[in-house]
Amino acid sequence: MKIVIIGGTGLIGSKTAIRLRNKGHEVLAVSPNTGVNTITGEGLAEALVGAEVVVDLANAPSWEDKAVLEFFETSGRNLLAAEANAGVKHHIALSIVGTERLPENGYFRAKLAQERL
Ligand SMILES: NC(=O)c1ccc[n+]([C@@H]2O[C@H](COP(=O)([O-])OP(=O)(O)OC[C@H]3O[C@@H](n4cnc5c(N)ncnc54)[C@H](OP(=O)(O)O)[C@@H]3O)[C@@H](O)[C@H]2O)c1
């Protein structure tokens, strides 16, 4: 099965790619450095062709309150729209336990926004 890992070159993404490849899946591990950007939309449609599953393991370049919220909202919206267009059936996003219990933390607010999307 084709699985696209968004943020596939990052800490969690690269480990996930290895595990999924070891299980025999066709894995496309992408990021801005490989030409796929969920903020600008660059390369997204092409990457998702034929994918059954997308695992969103992208992270924001800035964790400043406003910037990180904007990143997860924009990235999530663009990615979900591209998945719908490509007929992707499963979307998995990695969040953090208890995001709803620490609203004073800007990064957690952004992750909660991602979960809601
Ligand atoms: N690390 C943890 O312990 C942990 C725990 C719980 C949850 N998480 C969640 O897991 C996710 C990944 O975390 P991480 O620690 O692995 O992050 P990371 O090491 O900083 O990797 C981030 C990845 O996101 C990519 N990326 C950045 N901007 C992007 C964009 N506009 N479009 C597509 N990809 C983009 C980066 O690509 P480039 O290298 O090309 O910039 C990189 O591959 C995050 O959502 C985080 O909240 C992480």
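Quick look at the structure, then. Residue indices follow the written sequence of each chain, beginning from 1 at its first position. Local features in this predicted model are restricted to residues of pLDDT 70 or higher, and side-chain atom pairs are both shown and tallied only at a pLDDT of 80 or more, whereas totals for entire chains, interfaces and linings draw on every residue. Derived side-chain values reflect all non-hydrogen atoms in the structure, with water molecules and hydrogen atoms excluded from consideration.

We now examine the site of the ligand. Any residue with a heavy atom lying within 4 Å of a molecule or strand is counted as near it. Every one of the 23 residues lining the ligand counts as a neighbour, but Thr9, Leu11, Ile12, Tyr107 and Lys111 are closest to it. Separating an oxygen atom of the ligand from a backbone N or O atom of Ala58 is a distance of 2.9 Å. Here an oxygen atom of the ligand sits 2.7 Å away from a polar atom, N or O, in the side chain of Lys111. For the ligand, whose unbound accessible area comes to 910 Å², protein coverage reaches 74%. Note on definitions: the grid is 1 Å and covers protein atoms alone; a cavity is a set of points where a 1.4 Å probe fits but cannot get out; a pocket is an open set with protein on both sides within 12 Å along at least five of seven lines; lining residues have an atom within 4 Å of a point. Put plainly, a molecule is in a cavity or pocket when over half of its atoms are within 2 Å of the grid points there. Given that more than half its atoms are within 2 Å of the pocket grid, the ligand belongs to the largest pocket. Numbering of helices and strands runs from the N terminus, with a helix taken as a DSSP run of H or I at least four residues long and a strand as a DSSP run of E at least two residues long. Elements supplying a minimum of two residues to the shell around the ligand: helix H1 (11-22), helix H3 (65-86) and helix H4 (106-116). Only Asp, Glu, Lys and Arg are considered charged, only Ala, Val, Leu, Ile, Met, Phe, Trp, Tyr, Cys and Pro nonpolar, and every remaining residue, Gly among them, polar. For the shell around the ligand, the per-class residue count stands at 13 nonpolar, nine polar and one charged. Whenever two N or O atoms come within 3.5 Å, that pair is a polar contact, provided that in protein one can donate a hydrogen and the other can accept it, and provided that, for residues adjacent in sequence, both atoms are side-chain atoms. To be clear on the numbers: accessible area is Shrake-Rupley with a 1.4 Å probe, and residue cover counts the displayed protein chains and nothing else.

With that out of the way, let us pick up a nonpolar patch on the surface. The patches reported here contain residues having more than 30% relative accessible area and no salt bridge. Joining distances are 9 Å for like charges and 5 Å for nonpolar side chains (Val, Leu, Ile, Met, Phe, Trp, Tyr). What counts as a salt bridge is simple: a side-chain nitrogen of Lys or Arg found within 4 Å of a carboxyl oxygen of Asp or Glu. Taken together, the side chains of Leu11, Ile12 and Leu94 make up a nonpolar region of the molecular surface, amounting to roughly 290 Å² of accessible area. Residue placement: Leu94 occurs in the loop between strand E4 (90-93) and H4. Throughout, exposure labels follow a simple rule: accessible area from a 1.4 Å probe, protein chains only, divided by the maximum for the residue type, with under 20% read as buried, over 50% as exposed, and the rest as partly exposed. For Leu94, a relative accessible area of 43% puts it in the partly exposed group.

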